[in-house]
Amino acid sequence: MLRFIVRRMVQLIGVVLVLSLLLFFWLRSLPGGPINALLGDRATPEQQEQLEQLLGLDQPLYVQYLRYMGRALQGEFGSSSSVIPGTDAFDVFLSRFPATIELAFFSVTLAIITAIPLGYFAARRRGRAVDNISIVASLVGIAVPVFFLAFLLKYYFSVKLGWLPVSGRQANLGCTRVTNFFILDGLLTREFDCSVSAVKHLILPSIALASIPFAVVFRITRASVLDVLHEDYVRTAEAKGLTARVIRGRHVLRNAMLPVLTIVGLQVGALLAGAVLTETVFSFPGIGEALALSFSARDYAVLQILILMSAVVFVVVNLVVDILYAVVDPRVRTS
Amino acid sequence: MAYSSTRPVADRDRPLLSVEDLTVTFGRQGEEPFRAVDGVSFTVRPGQTVGLVGESGCGKSVTSLAIMGLLPKRGNTVGGRVDFEGTDLLSLGDAELRNRRGKDLAMVFQDPLSSLNPVVPVGLQVTEVLERHRGMSRKAAMPVAADLLSRVGIPDPNRRVKDYPHQMSGGMRQRALVAIALACAPRLLIADEPTTALDVTIQAQILALLKELVEETGTALIMITHDLGVVAGLCDEVNVLYGGRIVERGPRHPIFREPRHPYTNGLLDSIPRLDTVGERLTPIPGSVADNLPWDHACAFAPRCSQPVEICTQTTPDLVTNGDRALRCHNPVEVPR
Ligand SMILES: Nc1ncnc2c1ncn2[C@@H]1O[C@H](COP(=O)(O)OP(=O)(O)O)[C@@H](O)[C@H]1O
Ligand SMILES: [Mg+2]
């Protein structure tokens, strides 16, 4: 097991190196650039040239890349030009990361606790009303664009009904910061109103973002339960006279969850894409919003780090999923 | 509490199980209904071993699943009676049936590779029956489970209880399934082709084990097989099934020595015999696809070695004569 983890970590380093190279060249091939973004359209060519020299952008790309990597090894990732101007890009990532973790955690939890029971139920009542309604719901979840759903939720529940906050992560309550996970901070410092405010700010973005994993987890659960229900070992369990509860939990769900687990890991990628849209709609200060901001400002340093770290998170989450998989499935563990 | 002493002392002549006119029809609304089991009746006395023999697709598994109440909830209709110790199992509700399955009557299935849950340790798959029907705690049930595994011939049972199914061979898994089925000392065990998926040498071991265990515990056994050779060493009585109906029944030796139905005769010709080494095995020509409908003919007539005109015009009745029964217009006369 340890060897497996180490091997995956080494692979991760390779992934990061290759990705950083590709990103570096790709970002710089985009039209526009930080000079335009910083100086605006009316800057004179002399001014532009001066800034280019100052930032080292007049050098060949490979020189720029090597310099970048050299500095990166010393923990300097370049300073942000747009998101938090002047701050090191990695610190921008760190300040934004907890917000997105909270959002993603809420969304995935919401998706899982609704989609798995519903998927099981739909499979058991295949072809009946519950099944058909949930299939339509999951199709809607896939078909409706996340940003549209986000706008809709914001318009009804925040703007029109005024039940929930329109934007941001927390009301201005002067909360103490400990970990930058706002809910956790509120609990640690016993400023419970801070936690409550953070939760309120999370509800709508989480629902919007959960629509994608919900639909996928629902469909995989349903298909997987349908498969498992026909397995011989479920018939054996029935022949033993076990209670419906034991058969459901130990014999059906435990097996049916294996494919679901893999899918949840892979959904993290889709979740990051969705976070860009959701966070932008709700002005939620997380990684997604920072990505959008830095992209429009061609803030290379920040963009680079955010995308790289997203890849790292994706790989790490899938490593955790693989470990969990081995815990649940003895065939993987013992072979 | 010894398992065997708690049983009511059964009258050996009163049937333990009496299947009466069992019919199972498949087909949802709008589909052509298909009668997989068509008026099957037979009895099993306490401790008796009864064979249910016939080619693949003749309704053996469906019969056994109907007895156990394990047919799919939708898409079929079951008729007739399944009388077990005075209760009609077909009239029981889901909860009552669950209370009896695994305790009073148990089943071993064909494929040991897929019949055990791959993500649950074998020990737990044994103890869960004990927990369910004997009200034991898992802790108390574990040594009992190990004991059961050792009784079915699994070496090192205390270690094996922690194993997962994929760590065991096919033969071991089938032994484990037998242990599970016998865990609560049922009065009736149904074994549906328990050796078909196994190697020949392992087949013989499992059969010997089943024989030994039913003799030792007094459990009645319904042995389902397509192989008359399996029946030969095991069954007190044999029911031969064709196209969902019983075509011949009788005690083991008379059936083997003097089969009356051409189908039984054909089955006997298609199994290897030790006393006729070198003789060709002759399979029965045709397949079940050639069957005539039982409603107005003998279903077997198109494949029969000695059909007469009436066979394709009138349904033969199952006629009982002493301890034998036969459904045939033109029976085989010559003893083998
Ligand atoms: N769930 C089902 N739905 C429709 N037909 C079925 C079903 N199960 C079995 N059958 C049909 O019933 C017949 C008897 O099957 P079965 O009892 O499994 O045969 P076998 O004697 O080989 O065990 C077969 O023709 C089979 O196709
Ligand atoms: Mg069968």
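Residues numbered from 1 in each chain as written. Chains lettered and ligands numbered in written order. Predicted model: local features only at pLDDT ≥ 70, side-chain atom pairs only at ≥ 80, totals over all residues. Heavy atoms only, no water.

### A look at the domain arrangement of chain A
Residue and element names in this part refer to chain A.
Thinking step 1. Segmenting chain A into domains produces domain 1 (2-73) and domain 2 (90-329).
Thinking step 2. In this structure, domain 1 and domain 2 have C-alpha centres spaced 32 Å apart.
Thinking step 3. Opposite the 20 residues of domain 1 that make contact, domain 2 presents 17 residues.
Thinking step 4. Both faces combined, the contact of domain 1 with domain 2 buries some 1800 Å², and carbon together with sulfur accounts for 75% of it.
Thinking step 5. A salt bridge links R8 to D322, with the nearest nitrogen and oxygen atoms 2.6 Å apart.
Thinking step 6. Between the two partners, domain 1 and domain 2, sit one residue pair in polar contact (both at pLDDT 80 or more).
Thinking step 7. Counting only elements with at least two residues in the side of domain 1 that touches domain 2, the list comes to α1 (2-28) and α2 (34-39). (Domains from an automatic or database assignment. Contact = heavy atoms within 4.5 Å. Buried area = accessible area lost by both parts, 1.4 Å probe. Salt bridge = Lys/Arg side-chain N within 4 Å of Asp/Glu carboxyl O. Polar contact = N/O pair within 3.5 Å; in protein donor to acceptor, adjacent residues only side chain to side chain. Helix = DSSP H or I, 4+ residues; strand = E, 2+ residues; numbered from the N terminus.)

### Observations concerning empty space enclosed by the protein
Thinking step 1. Taken as a whole, this structure holds four cavities of 30 Å³ or more when the rule is applied.
Thinking step 2. Quantified by volume, the largest cavity comes out at close to 80 Å³.
Thinking step 3. Forming the walls of the largest cavity are A:T236, A:A239, A:K240, B:G102, B:A106, B:M107, B:V108, B:F109, B:V129, B:L177, B:I180 and B:A181.
Thinking step 4. Broken down by secondary-structure element, the contributors of at least two residues to the lining of the largest cavity are α10 (232-239) of chain A together with β6 (105-108) and α6 (170-182) of chain B.
Thinking step 5. Here the lining of the largest cavity is built from residues that sort into nine nonpolar, two polar and one charged.
Thinking step 6. A volume near 70 Å³ is recorded for the second largest cavity.
Thinking step 7. Forming the boundary of the second largest cavity are B:H261, B:C298, B:F300, B:A301, B:C304, B:Q306, B:C311, B:R327, B:C328, B:H329 and B:N330.
Thinking step 8. Residues of the lining of the second largest cavity, tallied by class, amount to six nonpolar, four polar and one charged. (1 Å grid on protein atoms, 1.4 Å probe; cavity = no way out; pocket = protein on both sides within 12 Å on 5 of 7 lines; lining within 4 Å. Points joined across faces, edges and corners; volume = space filled by probe spheres on them. Nonpolar A, V, L, I, M, F, W, Y, C, P; charged D, E, K, R; others polar.)

### A few points about the interface of chain A and chain B
Thinking step 1. Tallying the contact residues gives 26 residues for chain A and 29 residues for chain B.
Thinking step 2. Here chain A meets chain B over a buried area of about 2400 Å², counting both sides, of which 52% is carbon and sulfur.
Thinking step 3. The tally of links from chain A across to chain B stands at four salt bridges.
Thinking step 4. For B:E128, the salt bridge goes to A:K240, with nearest N and O atoms at 2.6 Å.
Thinking step 5. Where chain A touches chain B, the interface holds 17 residue pairs in polar contact (both at pLDDT 80 or more).
Thinking step 6. Contributing elements (two or more residues each) for the side of chain A that touches chain B: α10, α11 (244-281) and α14 (330-333) of chain A.
Thinking step 7. The biggest single contributor to the side of chain A that touches chain B is α11(A), with eight residues.
Thinking step 8. Within the side of chain A that touches chain B, the residues separate by chemical class into nine nonpolar, six polar and eleven charged.

### Structural notes on unusual backbone geometry
Residue and element names in this part refer to chain A.
Thinking step 1. The phi dihedral of N180 is positive, around 70°, even though this residue is not glycine.
Thinking step 2. Following the sequence through the fold, N180 ends up in the loop between α7 (146-160) and α8 (182-188).
Thinking step 3. Residue N180 is classed as partly exposed on the basis of its relative accessible area of 29%.
Thinking step 4. Notably, R298 is not glycine yet its phi reads approximately 50°, a positive angle.
Thinking step 5. Locating R298 in the fold gives a position in the loop between α12 (287-296) and α13 (300-328). (Buried < 20%, exposed > 50% of the residue type's maximum accessible area, 1.4 Å probe, protein only.)

### Structural notes on a negative patch on the surface
Thinking step 1. There is a patch of like negative charges on the surface, built from A:E46, A:E49, A:E52 and A:D58.
Thinking step 2. Inspection of the secondary structure puts A:D58 in the loop between α3 (45-55) and α4 (61-73). (Patch = residues over 30% accessible without salt bridge, like charges linked within 9 Å, V, L, I, M, F, W, Y side chains within 5 Å. Areas by Shrake-Rupley, 256 points an atom, 1.4 Å probe, with all protein chains shown as cover. Lys, Arg positive; Asp, Glu negative; His and termini not counted. Charge placed at Lys NZ, Arg CZ, Asp CG, Glu CD.)

### What to know about the state of the cysteines
Thinking step 1. Under the definition given, this model contains one disulfide over all chains.
Thinking step 2. Disulfide partner of A:C175: A:C194, at an S-S distance of 2.0 Å. Sign of the S-S torsion, about -100° for the bond between A:C175 and A:C194, identifies this disulfide as left-handed. Placement of the pair is A:C175 in the loop between α7 and α8 and A:C194 in helix α9 (residues 192-229), with a sequence separation of 19 residues. Both residues of the pair, A:C175 and A:C194, count as buried.
Thinking step 3. With no disulfide partner, B:C235 has as its closest neighbouring cysteine sulfur the one in B:C58, 14 Å distant. (Disulfide = S-S within 2.5 Å.)

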